[in-house]
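Okay, here's what each chain looks like letter by letter:
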Amino acid sequence: MNPEKKKMKITRIENGTAIDHIAPGSALKVLELLDLKDEKKNSITIAIRVDSNEMGKKDLLKIEDKFLTPTESAMIALISPDATINIIKSFEVTEKHPVELPEELTGIFDCSNPNCITNQEREPVESKFKVTDKDPLTVRCLYCDNLMEEEQITHQLIRSK
Amino acid sequence: MPNPFAGESFISIGDKTRDQLESIMDRAELMEKYRNKGTDAARGLLMGTLFFEPSTRTRLSFQAAMKRLGGDVIGFPSTEGTSVQKGETLADTVRTVSQYVNIIVMRHPSEGSAKLAASLLDIPVINGGDGSANHPTQTLLDLYTIRKELGRIDGHTIALAGDLRYSRTTRSLSRALCHYDVKLILNSPEQLRMKKDLLYELEERGLNPVVASDLEKSLDEADLVYATRIQKERFPNLAEYEKVAHAYEIDRDLLEKTGNPHLMHPLPRVTEINPDVDDLENSVFFEQAGNGVPVRMALISDLLDLEVG
Ligand SMILES: [Zn+2]
């Protein structure tokens, strides 16, 4: 089968977002984090571990009528730093860019230190982290200095959702 | 010279430069003149001491410092009977009290609490201890005591002995010592070794600590020993604790045998320091606690930008 034909297996969408080059096996995690309340409109196509020229294998998500918030984009960058976002309007890709990990992450996931002030109920404060390393991913809580690595971050992302 | 601390909060020691630490200590030296007779530099000014978690020594030392500067203090020593017990948030408590006072000192069981308070207020906040994270004025007074006892910090051998794993004091002091040219000995029982990530951080920052177990040998090499409390609850059973606690007891015999190094301890002590050393000239743990007053006077005057003397 030629690569063109392989691509055809994935449904095209009219308007929405295609998240490409997701780390193989991570598409379901990404999906879990996105706000997809509109059951009527948000039809979703998932491809898991499909062949990729650049990555060997990759996951891919296409979501009809969904445009990512900056927070969602940051969350995807945390789970899959090489993912690319394609914005599709009238069947055409109108915008394409890699996900970008901001230097500071505010209110995206909870600190893993239960004694951190950001985890105390009713205090008017959001979690805030500084990205101290991208590879391996490490963040530092700007309140309690707690260091968190990739596995903990993913765990907290899904818990905080 | 403009005062870089005017109007600022003092939350942690880790973000301070050597020059900043030295300038507070220089000012503390000037405060020695007033620590017993007082000054009126802070007349009319009020400090709020908010102790969401009790700590008698820290609170009294801050109160003494503010009063010696000529100011006054209001606050609570614990949350008992306060609006906190009725469920008021930290944020609401500090915003209310900040309406009454010029500066706040707070101690709170949650890490990051002082930073949150500082971010909400437009008056200075001093962190008097936030959970297991920071207690920067303790570290300042420890550095000041080392400097005062040894004349200067650079060029000396300093041994930290006891619990180096859980003790906030030695963690923070070892980080601050990275600004200095010192030989650092880390002497602890196997179970209470300094955590790897901190050890790595110290090495990265140019301090090459020596990890040791032989207490007599460490004392012999050190100009100054900083002992910490070894806590029962860190051990699986009482027998194990007693064995270690006994091995880490510093007494007069041991000090005299090892050339009388200066001896510090953040207090309260349990069995780490035998009372038979108390009258030795180099036993400075009570003076160390006392040094909290000029150091805190210096810090308060920096943050409130007071003219003293
Ligand atoms: Zn935290």
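Residues numbered from 1 in each chain as written. Chains lettered and ligands numbered in written order. Predicted model: local features only at pLDDT ≥ 70, side-chain atom pairs only at ≥ 80, totals over all residues. Heavy atoms only, no water.

(A) Local environment of the overall build of chain B. Along the backbone of chain B there are 11 helices and nine strands. Its C-alpha atoms give chain B a radius of gyration of 20 Å, within 12% of the compact-globule value 19 Å for 309 residues. Along the three orthogonal principal directions, the C-alpha set of chain B runs to about 55 × 45 × 40 Å. Here chain B holds 309 residues, and the buried ones make up 57% of them. Sequence separation of 24 or more characterises 73% of the internal contacts of chain B that already satisfy a separation of 6 or more. If you sum the accessible surface of chain B, you get close to 13400 Å²; carbon and sulfur atoms cover 45% of it. Side-chain charges of chain B comprise 36 positive and 47 negative groups, with the mean position of each set lying 3 Å from the other. (Helix = DSSP H or I, 4+ residues; strand = E, 2+ residues; numbered from the N terminus. Rg over C-alpha atoms; globule rule 2.2 N^0.38 Å. Buried < 20%, exposed > 50% of the residue type's maximum accessible area, 1.4 Å probe, protein only. Contact = heavy atoms within 4.5 Å. Areas by Shrake-Rupley, 256 points an atom, 1.4 Å probe, with all protein chains shown as cover. Lys, Arg positive; Asp, Glu negative; His and termini not counted. Charge placed at Lys NZ, Arg CZ, Asp CG, Glu CD.)

(B) Layout of the nonpolar core. With 57 residues, the main nonpolar core has Leu-143, Leu-177 and Ile-300 of chain B as its most contacted residues. Taken domain by domain, this core gets at least three of its residues from each of domain 1 (18–134 + 292–303) and domain 2 (136–289) of chain B. Counting residues in each nonpolar core, the second largest holds 55 residues, with Val-125, Val-131 and Leu-137 of chain A together with Phe-52 of chain B among its members. (Core = buried A, V, L, I, M, F, W, Y, C linked by side-chain atoms within 4.5 Å. Domains from an automatic or database assignment.)

(C) Expanded view of the environment of Glu-240 of chain B. Residue and element names in this part refer to chain B. Looking at where Glu-240 falls in the secondary structure, it is placed in helix 9 (residues 238–247). On a C-alpha basis, the gap between Glu-240 and Phe-5 in space is 47 Å, while along the polypeptide they are 235 residues apart. Discounting residues that sit within four places of it in the chain, Glu-240 has contacts with Gln-191 and Phe-235. Within the structure, the side chain of Glu-240 is placed 3.1 Å from the side chain of Gln-191, a separation counted as a polar contact. (Polar contact = N/O pair within 3.5 Å; in protein donor to acceptor, adjacent residues only side chain to side chain.)

(D) Focus on the sheet that holds strand 6 (residues 183–187) of chain B. Residues and elements named next belong to chain B. Strand order in the open sheet formed by five strands is 7-6-5-8-9, with parallel pairing between adjacent strands. Two strands bound the open sheet, and with one partner strand each, they are strand 7 (210–212) and strand 9 (262–264). Mean inter-strand twist for the sheet, computed between neighbouring axes without regard to direction, equals 20°. (Pairing = 2+ DSSP bridges. Axes fitted to C-alpha atoms, helices over the stretch in contact; angles between N-to-C directions.)

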